[in-house]
Amino acid sequence: MKTTLAIPALLLLAASAAAQTAPAPTKNPVSTAHKDERAYTEGPVTLVANVEVEYGHFEEYVDWLNSTWKPTMEATKKARLIIDYKVFKLTPKSPGRPNVILWITYKNMAGLDKGAEEEEVAKKVICNTECQNKARVRRNEYRKVLGYELIRELLLQ
């Protein structure tokens, strides 16, 4: 009876020893290649403004974009404070959603800390701060900035 109990115990011990001495299976190099380092670098940062323009005022808003916003963005780009800018028109799913998106792309997060420099460019292109604030109030009669978000491009390696 003792030998019949000893055989399963010996088999279990032998299996355990074999598992410890067997070579480990090879790991997938793709899944472990970047275990301790990033597989990307952080790229440009885009400030996204979500804007709702009231019905019947879209052309008026586009006129402002062309006459004021675009020249200011071009001057800001020329001053190397931004990389690029874009305007998108959306078809909102429901009321209270943006129908225009404004993008301003900066080289990196540090580019967002150039508010004073951007203000100086705007003063040269548009007018002084008081004048700009009055124009903002007038624009806010037919458009509403619903919010801002920052998005960062990830440059994959």
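Residues numbered from 1 in each chain as written. Predicted model: local features only at pLDDT ≥ 70, side-chain atom pairs only at ≥ 80, totals over all residues. Heavy atoms only, no water.

Draft legend 1. Representation of the nonpolar core within the structure. Of all hydrophobic cores here, the largest spans 15 residues; its most connected members are Val51, Tyr61, Trp69 and Leu102. Of all the secondary-structure elements, those providing two or more residues to this core are β1 (40-53), α3 (58-78) and β3 (100-106). In terms of residue count, the dominant contributor to this core is α3 (five residues). In this structure, Leu102 is in contact with Leu47, Val48, Ala49, Val51, Tyr61, Leu65, Trp69, Lys86 and Val87, ignoring residues within four places of it in sequence. (Core = buried A, V, L, I, M, F, W, Y, C linked by side-chain atoms within 4.5 Å. Buried < 20%, exposed > 50% of the residue type's maximum accessible area, 1.4 Å probe, protein only. Helix = DSSP H or I, 4+ residues; strand = E, 2+ residues; numbered from the N terminus. Contact = heavy atoms within 4.5 Å.)

Draft legend 2. Seen up close, a negative patch on the surface. Together, Glu59, Glu60, Asp63 and Glu141 line one region of the surface with negative charge. Turning to its location among the elements, Glu59 is positioned in helix α3. Exposure remark for Glu59: the relative accessible area of 54% places this residue in the exposed category. (Patch = residues over 30% accessible without salt bridge, like charges linked within 9 Å, V, L, I, M, F, W, Y side chains within 5 Å. Areas by Shrake-Rupley, 256 points an atom, 1.4 Å probe, with all protein chains shown as cover. Salt bridge = Lys/Arg side-chain N within 4 Å of Asp/Glu carboxyl O. Lys, Arg positive; Asp, Glu negative; His and termini not counted. Charge placed at Lys NZ, Arg CZ, Asp CG, Glu CD.)

Draft legend 3. Up close: the side chain of Arg143. Checked against the element boundaries, Arg143 lands in strand β4 (residues 143-156). At 10 Å, Glu54 is the nearest oppositely charged side chain to Arg143, a buried residue that forms no salt bridge. Side chain to side chain, Arg143 and Asn140 meet in a polar contact 3.1 Å long. (Polar contact = N/O pair within 3.5 Å; in protein donor to acceptor, adjacent residues only side chain to side chain.)

Draft legend 4. Up close: the state of the cysteines. Applying the stated criterion across every chain yields a total of one disulfide. Here Cys127 connects covalently by a disulfide to Cys131, the sulfurs 2.1 Å from one another. Between Cys127 and Cys131 the disulfide shows an S-S torsion of about -90°. By sign, it is left-handed. On the basis of relative accessibility, which here comes to 16%, the residue Cys127 falls in the buried class. (Disulfide = S-S within 2.5 Å.)

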